[in-house]
Amino acid sequence: MNGLNTILIVLGLFLAGGVYSFIKQKQSKNVIVLLSIASAMCLAAGILRVEW
């Protein structure tokens, strides 16, 4: 696993933590949806790069 994979996975987990925090704070649904999509994209990109 190279550095970019690690950065993408860590960023995805960081954004997932942000989603959890925003849900607990009852923030706007739009912000939660955008963070969820960004988190999923970062995690998917990092994991796919690991497998290739």
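Look up: the structure comes first, before these words.
Here the residue index of a chain counts from 1 through its sequence in written order. It should be noted that, the model being predicted, local features are given only for residues of pLDDT at least 70 and side-chain atom pairs only at 80 or more, the latter also being counted only at that level, while totals for whole chains, interfaces and linings use all residues. To get the side-chain values, all heavy atoms of the structure are used, and hydrogens and water are removed first.

J.: Would you mind going over a nonpolar patch on the surface with me for this structure?
T.: Only residues whose relative accessible area exceeds 30% and that form no salt bridge enter a patch; like-charged residues are grouped when within 9 Å of one another, and nonpolar side chains (Val, Leu, Ile, Met, Phe, Trp, Tyr) when within 5 Å. For the area figures, the Shrake-Rupley method with a 1.4 Å probe applies, and any residue is considered shielded solely by the protein chains shown. Should a side-chain nitrogen of Lys or Arg be within 4 Å of a carboxyl oxygen of Asp or Glu, the pair is scored as a salt bridge. There is a patch of nonpolar side chains on the surface, built from V33, I37 and M41 and spanning about 290 Å² of accessible area. Among the structural elements, I37 can be located in helix α2 (residues 29-51). Accessibility here uses a 1.4 Å probe with only protein chains present; expressed as a share of the type maximum, an area under 20% marks a residue as buried, one over 50% as exposed, and anything in between as partly exposed. Look at I37 and you get partly exposed, because its relative accessible area is 45%. Helix and strand definitions follow DSSP, with helices as H or I runs of at least four residues and strands as E runs of at least two, each counted in order from the N terminus.

J.: Just to check I follow, could you spell out unusual backbone geometry for this structure?
T.: With glycine set apart, most residues show a phi of negative sign, and most peptide bonds adopt trans. Here K26, not a glycine, exhibits a phi torsion of approximately 55°, which is positive. On the secondary structure map, K26 appears in the loop between α1 (3-24) and α2.

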